[in-house]
Amino acid sequence: MPLPSRSFHPLHAFGRRLAVLALAAGLFPAAAAATPTPAPTPASAETAKADAARVLFLVQQPPQLDAALKTGLELLSGKHLPTREVEIVVCGPAIESLLQGSKSATSVDEASARGIRVVACGLTLAQKDIAPTRLVPKVVVVENGLVEVLQRKAEGFLSVEL
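Residues numbered from 1 in each chain as written. Predicted model: local features only at pLDDT ≥ 70, side-chain atom pairs only at ≥ 80, totals over all residues. Heavy atoms only, no water.

Just give me the short version of the pairing of strand β2 (residues 83-90), but keep the residues and values in it.
Extensive coverage of β2 is indicated by the burial of six of its eight residues. Note: strand β1 (residues 53-59) against β2, seven bridges, orientation parallel. When the sheet's bridge partners are listed, Val55 is paired in β2 with Val86. Handedness of the crossover joining β1 and β2 through helix α4 (residues 62-76): right-handed. Here β2 runs beside strand β3 (residues 116-121); their pairing, made up of five bridges, is parallel. Across the sheet, residue Val90 finds its bridge partner in β3, namely Ala120. At this point the chain moves from β2, through helix α5 (residues 105-113), to the parallel β3, and the crossover so formed is right-handed. (Buried < 20%, exposed > 50% of the residue type's maximum accessible area, 1.4 Å probe, protein only. Helix = DSSP H or I, 4+ residues; strand = E, 2+ residues; numbered from the N terminus. Pairing = 2+ DSSP bridges. Right-handed = clockwise from strand over helix to strand, strands pointing away.)

Below, the structure is given as structure tokens:
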């Protein structure tokens, strides 16, 4: 019995699927240009904000604190990686940069006011016999800075160690 002229052939189905995929991928610019891009909606803006990065810096040396503060502010400005949250954990020798009257005190205060959470390691403070009251007022003290870093990483923060 001869096959009908409009028989199903797997390669024909494959060709149709390939054409649909090519259109979807934008391989045919005229067809892609004919499809209007929907305007962002408040819901899509909320989704974008929820998808934005959460960034953590672990700072252990004094010179790196200023770099972390500047980078954090730049990230929050939206110029590069969409970022919704920045935290800077300070341990070791850099802890003295968080003292009131230090060279970095004004930068720490300004960054905190602009949304960066600056955290001091309580273990380092105890080791160096520094009272938390001597720190820039907006600095948050946690019991153990390294545990804070691990907790934030588990929460999905991107992390950079300086």
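Tell me about the nonpolar core, and please be specific about residues and values.
Ranked by size, the top nonpolar core spans 27 residues in total, and within it Ile88 and Leu98 carry the most contacts. For this core, the secondary-structure elements that each account for two or more residues are β1, α4, β2, α5 and β3. With five residues, the single largest contributor to this core is α4. Ile88 has contacts with Phe57, Val59, Leu65, Ala68, Leu69, Ile116, Arg117, Val118 and Val119, leaving out every residue within four places of it along the chain. Among the nonpolar cores identified, the runner-up in size contains nine residues, and Val89, Val119, Cys121 and Val142 belong to it. (Core = buried A, V, L, I, M, F, W, Y, C linked by side-chain atoms within 4.5 Å. Contact = heavy atoms within 4.5 Å.)

The quantities given are spatial measurements derived from coordinates; they are silent on function.
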